[in-house]
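Structural overview
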Amino acid sequence: MTNLLEINDLCVEFGPAGHAIKVLHNVNLSIAHGEAVGLVGESGSGKSITSLSVLRLLSEPPGRITSGKIVFEGRNLLDLPRSDMPAIRGREIAMIFQEPMSSLNPVMTIGAQLSEAIMLHSEQNESQRKKRILELLKLVGIPEPEARLKQYPHEFSGGMRQRVMIAMSLACDPKLLIADEPTTALDVTIQAQVLDLLRQLRERVGMAVLLISHDLGVVADVCDRVVVMYAGHVVEDADIASLFDNPKHPYTRGLLSAVPSLSDTRERLYQIPGSVPAPGSVKRGCPFYDRCDLRKDICNNEMPPLHAHSSTHKAACWVTSSDAEAVSQSGVTT
Amino acid sequence: MTQPVLRAENLGKMFADRSSLFLGRSSGGVQAVDNVSLEVRPGETLAVVGESGCGKSTLGRLLLRLIEPSAGKIFLEGTEVSSLSRSEFRHFRKRAQMVFQDPYGSLSPRRTIAQIIAEPLEVFGMAGSRQQTRERVAELLTQVGLSPSIMDRLPRQFSGGQRQRICIARAISVNPSFVVADEPVSALDVSVQAQVINLMQDLQKEKGFSFLFIAHDLAVVRHMAHRVAVMYLGQIVEIGDKSTIYGAPHHPYTEALLSAAPEAKLKKDRKRIVLQGDVPSPRKVPSGCRFRTRCPIAADICTQHEPPLQTLPDGHQVACHFAKPFPIMQN
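Residues numbered from 1 in each chain as written. Chains lettered and ligands numbered in written order. Predicted model: local features only at pLDDT ≥ 70, side-chain atom pairs only at ≥ 80, totals over all residues.

**A closer look at the overall build of chain B**
Per the secondary structure count, chain B includes eleven helices and twelve strands. Rg of the C-alpha trace for chain B: 21 Å, near the compact-globule value of 20 Å for 331 residues, within the 12% margin. With the C-alpha coordinates of chain B rotated into their principal frame, the extents come out at 70 × 55 × 40 Å. Taking all 331 residues of chain B together, 47% fall into the buried category. Counting contacts in chain B only where the partners sit at least 6 residues apart, residues at least 24 apart contribute 65% of the total. (Helix = DSSP H or I, 4+ residues; strand = E, 2+ residues; numbered from the N terminus. Rg over C-alpha atoms; globule rule 2.2 N^0.38 Å. Buried ≥ 20, exposed ≤ 12 C-beta atoms within 10 Å, placed from the backbone. Contact = placed C-beta atoms within 7 Å.)

Here it is in structure tokens:
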């Protein structure tokens with residue numbers, strides 16, 4: 001079966017030609033039909049740029065997609081004329097953002113905004129639209145939908161606004177929902193509600209989800225597979241069980257042990273030394289070189305390719321991949 | 001028993017509505033902090049957790065008199081400081097310092113790092129000659145893991161984690177006995193967060209000050225705190241040792257908060273309690289128990305009677321008519 005979305009060797013840079021700073025380096029990412037994939041990374045890792053590129057929402061200029069393909073259901077979105085994109089946005093791929101307040105129009109009622117979303121993408125009359133809106137609001141768990149749709153965004157709490165955004169994104173039954181830090185602005189108990197909703201919707205509607213987050217816990221909650229990004233590179237791509245049980249990239253390992261947990265009794269947290277390199281400052285070699293405690297000479301000279309440790313687990317590290325080879329070879333010879 | 005570094009008795013803060021002043025009638029306002037009593041012991045970290053709007057930041061600011069309490073008393077190292085005039089209180093300022101959440105907003109962009117860190121020393125007359133001050137700044141920078149060579153640079157040249165280190169250096173420059181840290185790591189990236197947490201723990205061990213650590217991330221709190229206070233709509237609903245709060249919380253809200261926290265590990269049949277609805281507006285606090293509108297075990301009594309904060313035999317306090325241990329975390 002072919003994947004719903006396939007990003008191949010995507011490169012993005014910012015700034016004038018000649019002085020451009022490369023922010024995405026050959027990013028590869030695929031999502032199967034109905035799959036939930038988490039895209040994890042710290043600020044500046046390129047996770048939002050990746051998702052904006054998929055919808056061609058990247059501001060160009062200063063941004064520029066220099067090479068690569070974004071294949072959605074067999075079509076390369078980068079080959080399509082820009083005028084074809086609105087038909088894909090919302091109808092095929094929908095997106096929700098971190099701050100639900102700034103994504104909603106403060107002077108339009110919720111009902112009018114939802115109605116607009118439906119009107120743009122389908123030819124339903126007013127009563128059909130109203131019926132659909134009520135259905136959507138019920139689907140995302142907004143109580144008293146009839147009364148609520150006459151209200152304005154400021155009358156909704158953060159969690160409720162994010163539900164409205166989710167309802168709007170579901171209006172045209174998209175095949176893929178991109179959620180960029182959907183719960184970061186929300187409180188824990190409200191976050192739990194929204195994550196619950198995302199999980200239920202996936203089961204009920206069967207759409208694929210690309211969940212972008214800096215929080216491995218949020219991703220563990222919703223996703224089947226995780227892609228870890230660091231400084232514009234995909235450094236690890238694994239099913240969720242192997243990522244947490246047996247991370248292969250030193251950065252992922254560091255992240256997992258740097259996060260305190262609820263059942264944690266450690267005296268001291270592991271800390272990754274240093275900080276994320278500024279975009280464009282890594283000229284060659286592995287971007288994690290300066291902070292890595294496994295580094296070898298080769299790491300400083302050449303960017304490691306994504307090495308397949310198993311059919312569902314890939315990582316870009318010279319050291320762990322050569323260990324893996326050594327182990328498998330010694331397994332063969334002895 | 002040793003004397004607590006800081007003690008608050010029945011502390012309250014009512015933010016009056018502007019319109020009520022204007023119209024000359026008292027339509028009330030928002031009771032952001034309501035009847036909170038707590039104490040912070042020497043060298044300990046007391047964490048205050050809760051959702052946005054629960055009053056945890058207001059509480060932190062009240063304790064330092066950055067905003068004036070409308071009720072209650074504050075004792076700092078045994079002296080009642082809440083009734084002192086502002087000028088009398090100044091002497092106590094150096095004993096109690098603060099680290100803010102946003103390391104971008106809390107450093108003046110036009111002053112050098114040396115000026116920023118030396119300012120409290122100058123304000124409290126603890127600065128010596130120019131040379132001595134610079135030596136002290138260099139020492140402080142080393143203590144927070146920065147190179148003394150950066151002291152003549154400006155804040156914009158530093159990352160979030162480095163700025164937070166500078167804020168910490170400023171707070172500890174006057175050797176306080178009590179530091180309020182309001183979400184000090186929540187604006188930082190995960191890999192940097194661990195560095196700052198470790199730094200705060202090391203400094204606390206070395207200098208022996210007490211922390212009031214305000215946070216919403218329960219995993220970070222578990223790591224940092226000795227005791228934990230859980231706030232809901234302006235009141236403490238549960239306060240106790242870390243092991244009790246995390247091991248056997250007695251309040252259904254604490255239990256729900258813990259179960260809602262996402263964990264960076266595989267789900268092991270963890271039962272999750274998803275609370276219904278939102279936190280009510282602090283303008284319309286429910287009658288009786290304020291948590292009852294979202295509580296999974298609320299009964300009639302909860303509507304009529306506000307549960308008092310009762311002390312259990314193990315010394316931990318909880319405000320619930322049905323307080324019982326919820327053994328949710330198995331280690």
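**Comments concerning the overall build of chain A**
Helix and strand counts for chain A stand at 13 helices and twelve strands. What you see for chain A is a C-alpha radius of gyration of 21 Å, in line with the 20 Å of a compact globule of 334 residues. Principal-axis analysis of the C-alpha atoms places the extent of chain A at approximately 70 × 50 × 40 Å. Looking at chain A as a whole, 45% of its 334 residues qualify as buried. Across chain A, the fraction of contacts at a sequence separation of at least 24, relative to all contacts at a separation of at least 6, is 62%.

**A closer look at helix H4 (residues 110-121) of chain A**
Residue and element names in this part refer to chain A. The end-to-end C-alpha separation of H4 is 17 Å, in line with the 16 Å expected for twelve residues at 1.5 Å each. Considered for burial, the residues of H4 that qualify are Ile110, Gln113, Leu114, Ser115, Ala117 and Ile118. Looking at the buried side of H4, the elements it contacts are helix H5 (126-139), helix H6 (145-148) and helix H7 (158-170). (Expected span 1.5 Å × (residues − 1).)

**A word on helix H7 (residues 190-207) of chain B**
Here H7 of chain B spans 26 Å end to end across 18 residues, near enough to the 26 Å set by a 1.5 Å rise per residue. Considered for burial, the residues of H7 of chain B that qualify are Val190, Ser191, Val192, Gln193, Ala194, Gln195, Val196, Ile197, Met200 and Leu203 of chain B. Buried residues along H7 of chain B sit in contact with helix H11 (250-258) of chain A together with helix H5 (130-143), helix H6 (160-172) and helix H8 (218-224) of chain B. Where H7 of chain B ends, the next residue or the one after it, Gly208 of chain B, has phi of about 75 degrees, a positive value.

**Notes on the packing of H11 of chain A against H7 of chain B**
Each pair of packed helices gets described by two things: the angle between the helix axes and the distance between those axes. At their nearest, the axes of H11 of chain A and H7 of chain B sit 9 Å apart, and the two run at 45 degrees to each other. On the basis of the axis angle, H11 of chain A is oblique to H7 of chain B. Relative to H7 of chain B, the crossing made by H11 of chain A is left-handed. Along its contact with H11 of chain A, which presents Gly254, Leu255 and Ala258 of chain A, the element H7 of chain B presents Val190, Ser191 and Ala194 of chain B. Considered class by class, the residues forming the contact of H11 of chain A with H7 of chain B number four nonpolar, two polar and no charged. (Axes fitted to C-alpha atoms, helices over the stretch in contact; angles between N-to-C directions. Parallel < 35°, antiparallel > 145°, perpendicular 65-115°, else oblique. Left-handed = near helix turned anticlockwise from the far one by under 90°. Nonpolar A, V, L, I, M, F, W, Y, C, P; charged D, E, K, R; others polar.)

**A word on the pairing of strand S10 (residues 233-239) of chain A**
Residue and element names in this part refer to chain A. In terms of burial, S10 is largely enclosed, as six of its seven residues are buried. Both strand S9 (residues 225-230) and S10 contribute to a ladder of six bridges, which runs antiparallel. Along S10, the bridge assignment pairs Val226 with Ala238. As judged from the three bridges shared by S10 and strand S12 (residues 313-315), these two strands associate in the antiparallel manner. In the sheet register, Asp237 faces S12, and the bridge partner there is Lys314. (Pairing = 2+ DSSP bridges.)

**A word on the environment of Val221 of chain B**
Residue and element names in this part refer to chain B. Here Val221 lies in helix H8. For Val221, a count of 24 C-beta atoms within 10 Å corresponds to the buried category. Residues Val221 and Val49, 172 residues apart in the sequence, show an inter-C-alpha distance of 8.0 Å. Residues contacting Val221, with those up to four places away along its chain left out, are Ala47, Val49, Phe213, Ala215 and Val228.

**A closer look at the environment of Gln310 of chain B**
Residues and elements named next belong to chain B. Secondary-structure assignment places Gln310 in strand S11 (residues 310-311). On a C-alpha basis, the gap between Gln310 and Val237 in space is 9.8 Å, while along the polypeptide they are 73 residues apart. With residues up to four places along the chain from it excluded, the contact list for Gln310 reads Gln317 and Val318.

**A short note on the sheet that holds strand S2 (residues 21-31) of chain A**
Residues and elements named next belong to chain A. Taken together, four strands build an open sheet; the order of strands is S2-S1-S4-S5 and the sheet is antiparallel. At either end of the open sheet lies a strand with only one pairing partner, and these are S2 and strand S5 (75-76). Direction of pairing for strand S4 (residues 63-72) relative to S5: antiparallel, over a ladder of two bridges. Counterpart to Phe72 in the pairing with S5 is Arg75. Sheet strands touched by helix H1 (residues 47-54): strand S1 (5-14), S2 and S4. Its angle to S2, the strand with the most contacts, is close to 65 degrees.

**Points about the sheet that holds strand S1 (residues 6-16) of chain B**
Residue and element names in this part refer to chain B. The four strands are arranged S2-S1-S4-S5 in an open sheet whose pairing can be described as antiparallel. At either end of the open sheet lies a strand with only one pairing partner, and these are strand S2 (29-40) and strand S5 (79-80). For S1 and strand S4 (residues 71-76), the ladder comprises five bridges, and the chain directions are antiparallel. Bridged to Arg7 within S4 is Phe75.

**Looking at the interface of chain A and chain B**
Contact with chain A, which involves 38 residues of that partner, is made by 35 residues of chain B. Of all the secondary-structure elements, those providing two or more residues to the side of chain A that touches chain B are helix H8 (188-205), helix H9 (216-222), helix H10 (240-245) and H11 of chain A. Looking at the side of chain A that touches chain B, the element that brings in the most residues is H8 of chain A, giving seven residues. When the residues that make up the side of chain A that touches chain B are grouped by side-chain class, the tally is 18 nonpolar, 13 polar and seven charged.

**Observations regarding the packing of H4 of chain A against H5 of chain A**
Residue and element names in this part refer to chain A. As a packed pair, H4 and H5 sit with axes 10 Å apart at the nearest point and diverge in direction by 115 degrees. With respect to H5, the element H4 is oriented roughly perpendicular. Two packed elements cross with a definite hand, and for H4 against H5 that hand is right-handed. Mapping the contact onto sequence places Gly111, Leu114, Ser115, Ile118 and Met119 in H4 and Arg129, Arg132, Ile133 and Leu136 in H5. A class-by-class count of the residues in the contact of H4 with H5 yields five nonpolar, two polar and two charged.

**A few points about the confidence of the model for chain B**
Chain-level pLDDT for chain B is 87 on average; 93% of the residues reach the 70-or-more range. Across the assembled chains, the prediction reports ipTM 0.76 with pTM 0.83. (pLDDT = per-residue confidence, 0-100.)

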